[in-house]
Amino acid sequence: MGRKVNVIGVGMVKFQKPGASDGYEVMASGAIREALKDSGVAFNELEQAYAGYVFGDSTCGQRAVYAVGTTGIPVINVNNNCSTGSSALYLARQAIEGGLAECVLAVGFEQMEKGALAAKWADRTNPLDKHVDVMNAQQGVNQAPFAAQMFGGAGREYRWKYGTKKETFAKIANKARKHAAKNPFALFREVLSVEEIMASAEVFDPLTRYQCCPPTCGAAAAVLCSDEFAKKHGLTNPVYIAAQVMKTDFASSFETSMMKMVGYDMAKSCADELYAKAGVGPTDVDVVELHDCFTANELLTYEAIGLCPEGGAEKFITEDDNTYGGAFVVNPSGGLLSKGHPLGATGLAQCTELVWHLRGTAGERQVPDARIALQHNLGLGGACVMTMYRKN
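Peer 1: Would you mind going over the overall build of the protein chain in detail, with residue names and values included?
Peer 2: A tally of regular secondary structure across the protein chain gives 14 helices and 12 strands. In terms of overall dimensions, the protein chain is globule-like: its C-alpha atoms have a radius of gyration of 19 Å, near the 21 Å expected for 392 residues. Along the first, second and third principal axes, the C-alpha set of the protein chain runs to 55 × 50 × 40 Å. Split into buried and exposed, the 392 residues of the protein chain put 59% on the buried side. Residue pairs in contact within the protein chain that sit at least 24 positions apart in sequence constitute 78% of those at least 6 positions apart. As displayed, the protein chain has an accessible area near 15,000 Å², and 49% of this comes from carbon and sulfur atoms. Computed over 37 positive and 42 negative side-chain charges, the inter-centroid distance for the protein chain is 3 Å.

Right, here's the structure in full:
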């Protein structure tokens, strides 16, 4: 480990439906300004910027940063599918930890289109072709959105393995709606019952419409700095990154399991290394933001990152150990399911939420006495980034 890395400023804009948002540069610059205001740092003190987005031309990062200032600093554009925001954070953290910079910006944003994600390029190899090959061999391919087929298929594999009820998956979406109702930045704040979630249109067994994250527009940002920079600016007791790990696919991702194809082994390996680096275990964690693109992935991730034993997710959910009053508060923001999932912004929105909880400034959804926070951000293709935050 190199130098300690502090998160001294975070900010985000309210997430919106496609067609209802500002342009990406307006959302991103708004999030940057909020993060700078929160940090007390002036734009001209930033030495580097890492800008994450998935859909857009090659220098959208510059355009977003230029809306706040043009100081000539390096602006690095980052794309790592749904883990893009955390990948930008990962690079920013490395720059500080490695002694290459004292104060760095990470920003993530997305201006998405309506409808399910689809391939943009038909004249070249699809980067998910190996994942699709696994799906085709295990369950075939139909007309449902590909991501829903992949994560739904993983959920179905789990359900058949452990006899898990379909209602158990719906309870995750119900929890997400309850949490999002208290989050002014969330897209969906209307609480839905388990029955309403189950009755919504089936997308791919066991997933119904309200168990799938919506296409979303939004932005979030974080300002990171060294201890020396924090002391120089009179910043006391900032939240810091205790450990961070990124993993990509293993050979097991492309064998015979839908669960492993969507990232189970990546997440497990990430979590094991993260806990070892941070010197804490899952039972020490107070609050978690994890990648619930579909209810099936939240359920799988509980086990992959050690929140409950393998095969124990149904009991974990039924006993409310994933919400206030239980063992962990998971996705107090409402998660991707209800807060929304603007691909490039998600990892930094998770960071923002967790920093607020560690500071005790999360309002109605505050997790009491939160001191250790865990983040999990997954992108198929693939990359899993996990981050542990602590309060000084």
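And the narrative resumes.
Peer 1: Can you lay out the packing of helix α6 (residues 166-180) against helix α11 (residues 295-304) for me, pointing to particular residues and giving the numbers?
Peer 2: Their axes nearest at 9 Å, the elements α6 and α11 cross at an angle of 100 degrees. By the criterion of interaxial angle, the relationship of α6 to α11 is roughly perpendicular. Facing α6, whose interface residues are Thr 168, Phe 169, Ile 172, Ala 173 and Lys 175, α11 presents Thr 295, Ala 296, Glu 298, Leu 299 and Tyr 302. Residue composition of the contact of α6 with α11, by class: six nonpolar, two polar and two charged.

Peer 1: How would you explain the sheet that holds strand β8 (residues 239-247) if you had to name every residue and give the values?
Peer 2: Within the open sheet, the 10 strands sit side by side as β3-β2-β4-β7-β1-β8-β12-β11-β9-β10. Their pairing is mixed. This sheet does not close on itself; its edge strands, each paired only once, are β3 (75-78) and β10 (329-330). In terms of strand pairing, strand β9 (residues 287-289) meets β10 through two bridges, oriented parallel. Across the sheet, Val 288 pairs through a bridge with Val 330, a residue of β10. Those strands touched by helix α1 (residues 24-39) are β1 (5-12), β4 (103-110) and β7 (218-226), and its axis lies near 130 degrees from that of β1.

Calculation notes
Residues numbered from 1 in each chain as written. Predicted model: local features only at pLDDT ≥ 70, side-chain atom pairs only at ≥ 80, totals over all residues. Heavy atoms only, no water. Helix = DSSP H or I, 4+ residues; strand = E, 2+ residues; numbered from the N terminus. Rg over C-alpha atoms; globule rule 2.2 N^0.38 Å. Buried < 20%, exposed > 50% of the residue type's maximum accessible area, 1.4 Å probe, protein only. Contact = heavy atoms within 4.5 Å. Areas by Shrake-Rupley, 256 points an atom, 1.4 Å probe, with all protein chains shown as cover. Lys, Arg positive; Asp, Glu negative; His and termini not counted. Charge placed at Lys NZ, Arg CZ, Asp CG, Glu CD. Axes fitted to C-alpha atoms, helices over the stretch in contact; angles between N-to-C directions. Parallel < 35°, antiparallel > 145°, perpendicular 65-115°, else oblique. Nonpolar A, V, L, I, M, F, W, Y, C, P; charged D, E, K, R; others polar. Pairing = 2+ DSSP bridges.

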